[in-house]
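Analysis of the macromolecular model
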Amino acid sequence: MKKSIQTSLIHNDYQPPAGFGAFPVPIHHASTVLFKDVAALRSGDWKNKNAYTYGLHGTPTTFTLEARLAAIEGGSHCLLAPSGLAAIAMVDFALLKSGDDVLLPENVYNPNRELGRWLASDFGVTARYYDPMIGAGIAALIAPNTRLIWTEAPGSVSMEVPDLRAICHAAHQRGVLVALDNTWSGGLALRGFDVGVDIVMQALTKYQSGGSDVLMGAVVTREQGLIDRLAMAHMRLGLGVSADDAYLVLRGLPTVKLRFDAHDAGARRVAAWLKTRPEVAKVLHPAFADCPGHEHWKRDFHGAGGLFSVLFDARYSEQQTDRFVDALTLFGIGYSWGGANSLVMPYRIQSMRKGWADAGVLVRLNIGLEDPADLIADLEQALGQL
Ligand SMILES: *Cc1c(COP(=O)(O)O)cnc(C)c1O
């Protein structure tokens, strides 16, 4: 059929030669996905991801990223979300309904706590907060309508490492699901399914991306019933991710373990130096014996990454520690972590947590990929500004 120029700009028969090979996963941009014929349209199952149906449900780019992330975590299925927080919301909306109860650790990632507040105020769910060091004691908090227990290991500001095995054991005896925010370990230092959790969530924004340039989250599971419920929430909430962003994360994966190990080594060196300083009352690093829950870290983890906190001696005012933060030259003041650049963030831990009223100012450090000796020199000059 002869076509006008306008139509041939849209319908063109050219096909590039087959057989192109290269290492990167191709970036497939698509909203519409074409079906060969009506039979193909009717046979596809978007939920099982055994066919392409619509951009929201996956392309070769996102399917490949999902499969690689599931393999890292030791799960069978993965769903992507446009941020770590969207991944948390996917889990909550998949598993909770009006009348249900959810338990969250007191030191949980603050926007997750905020989501709990919203579910409680507007959606008829009760959200209760537990001491992250509760361990087997969680059994006493489980109510007949408790459906989900969130865990985070460690809490990403105060760094207590929970006893995940004990929490999962108590939860499963009562038929309650356990979700783990596994962002701190990048899925590399802690295998959530090995310690008993049902659902692993990751903020890919951190180590997997590694570039400080993309927001993305993932939810990994290995049970068909859970996969179906999560897939329904993913679809109903429309949690699509961009192909370009998926590519950025795919690009980060081959180096993620090397980067994670370098962050880990640098952070332990800087943390050990900070421990010797009189200005610092406590270094909160899970690999250090005096960190709350260190024994759980030792039992369950294979590394620590670059994120830890310090508590300044209580004799220093916030004004003084703010001066320290401002004086740093190699540490940017900013949220998040997992990129090449070191970051610093002061927190008012006293108002965030019960039982920390007497603590000094908490400052969280993300050790990037700079030479640790330069970072230590920078911290030393900034401590001089206190
Ligand atoms: C960053 C982070 C998230 C959220 O990830 P975003 O992609 O920034 O939404 C969730 N949990 C933890 C522990 C995080 O550090």
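All values reported here derive from a predicted model rather than from experimental measurement.

Counted at 1.5 Å a residue, the expected span for helix 3 (residues 60–73) with its 14 residues is 20 Å, and the 20 Å between its end C-alpha atoms agrees. Those residues of helix 3 not exposed but buried are T61, T62, F63, L65, E66, L69, A70 and E73. Along its buried surface, helix 3 packs onto strand 1 (77–81), strand 6 (199–203), strand 7 (217–221) and helix 8 (243–252). One or two positions beyond helix 3, positive phi appears at G74, with a value near 80 degrees.

A few words on the site of the ligand. Not every one of the 14 residues close to the ligand is listed here, only the nearest: G84, D181, T205, K206 and W337. Between the ligand and the protein, one listed contact pairs an oxygen atom with a backbone N or O atom of G84 at 2.7 Å. A distance of 2.5 Å separates an oxygen atom of the ligand from a polar side-chain atom of K206. Expressed as a share of its isolated accessible area of 380 Å², the protein-covered part of the ligand is 91%. Looking at the shell around the ligand residue by residue, the classes come out as six nonpolar, five polar and three charged.

Here we come to the packing of aromatic side chains. Evaluation of the coordinates by the stated rule reveals seven aromatic pairs. Here Y207 and F260 contribute two aromatic rings whose centre-to-centre distance is 4.9 Å and whose plane-to-plane angle is 75 degrees, an arrangement assigned as edge-to-face. Of this pair, Y207 sits in the loop between strand 6 and strand 7 while F260 sits in helix 9 (residues 256–275), placing them 53 residues apart in sequence. Under the relative-accessibility criterion, Y207 is labelled buried at 1%. Here F260 falls in the buried class, since its relative accessible area comes to 2%. An aromatic cluster of three or more residues is present, and its members are F93, W118 and F123. R113 extends its terminal NZ or CZ atom over the ring of Y129, reaching a point 5.2 Å from the ring centre.

Below, the discussion takes up the domain arrangement of the chain. One can read the domain layout of the chain as domain 1 (38–254) and domain 2 (256–383). Inter-centroid distance (C-alpha atoms) of domain 1 to domain 2 is 26 Å. Facing 35 residues of domain 1, the contacting portion of domain 2 comprises 36 residues. When the two sides are added together, the surface that domain 1 and domain 2 hide from each other amounts to roughly 3000 Å², 62% of it contributed by carbon and sulfur. On the domain 1 side of the interface with domain 2, the three residues burying the most area are V157, W184 and Y207, jointly 25% of the side's total. At the surface where domain 1 touches domain 2, the tally comes to two salt bridges. A salt bridge links D300 to R165, with the shortest nitrogen-to-oxygen separation between them at 2.7 Å.

A separate point is the packing of helix 3 against helix 8. For the pair helix 3 and helix 8, the least separation of the axes is 9 Å and the interaxial angle reads 35 degrees. The crossing of helix 3 and helix 8 is left-handed. Where helix 3 abuts helix 8, its residues T61, T62, T64, L65 and R68 lie against A243, A246, Y247, V249 and L250.

Cut-offs and rules
Residues numbered from 1 in each chain as written. Predicted model: local features only at pLDDT ≥ 70, side-chain atom pairs only at ≥ 80, totals over all residues. Heavy atoms only, no water. Helix = DSSP H or I, 4+ residues; strand = E, 2+ residues; numbered from the N terminus. Expected span 1.5 Å × (residues − 1). Buried < 20%, exposed > 50% of the residue type's maximum accessible area, 1.4 Å probe, protein only. Contact = heavy atoms within 4.5 Å. Near = heavy atom within 4 Å. Polar contact = N/O pair within 3.5 Å; in protein donor to acceptor, adjacent residues only side chain to side chain. Areas by Shrake-Rupley, 256 points an atom, 1.4 Å probe, with all protein chains shown as cover. Nonpolar A, V, L, I, M, F, W, Y, C, P; charged D, E, K, R; others polar. Phe/Tyr/Trp six-rings, centres within 6.5 Å; stacked < 30°, edge-to-face > 60°. Lys NZ or Arg CZ within 6 Å of the ring centre and 35° of its normal. Domains from an automatic or database assignment. Buried area = accessible area lost by both parts, 1.4 Å probe. Salt bridge = Lys/Arg side-chain N within 4 Å of Asp/Glu carboxyl O. Axes fitted to C-alpha atoms, helices over the stretch in contact; angles between N-to-C directions. Left-handed = near helix turned anticlockwise from the far one by under 90°.

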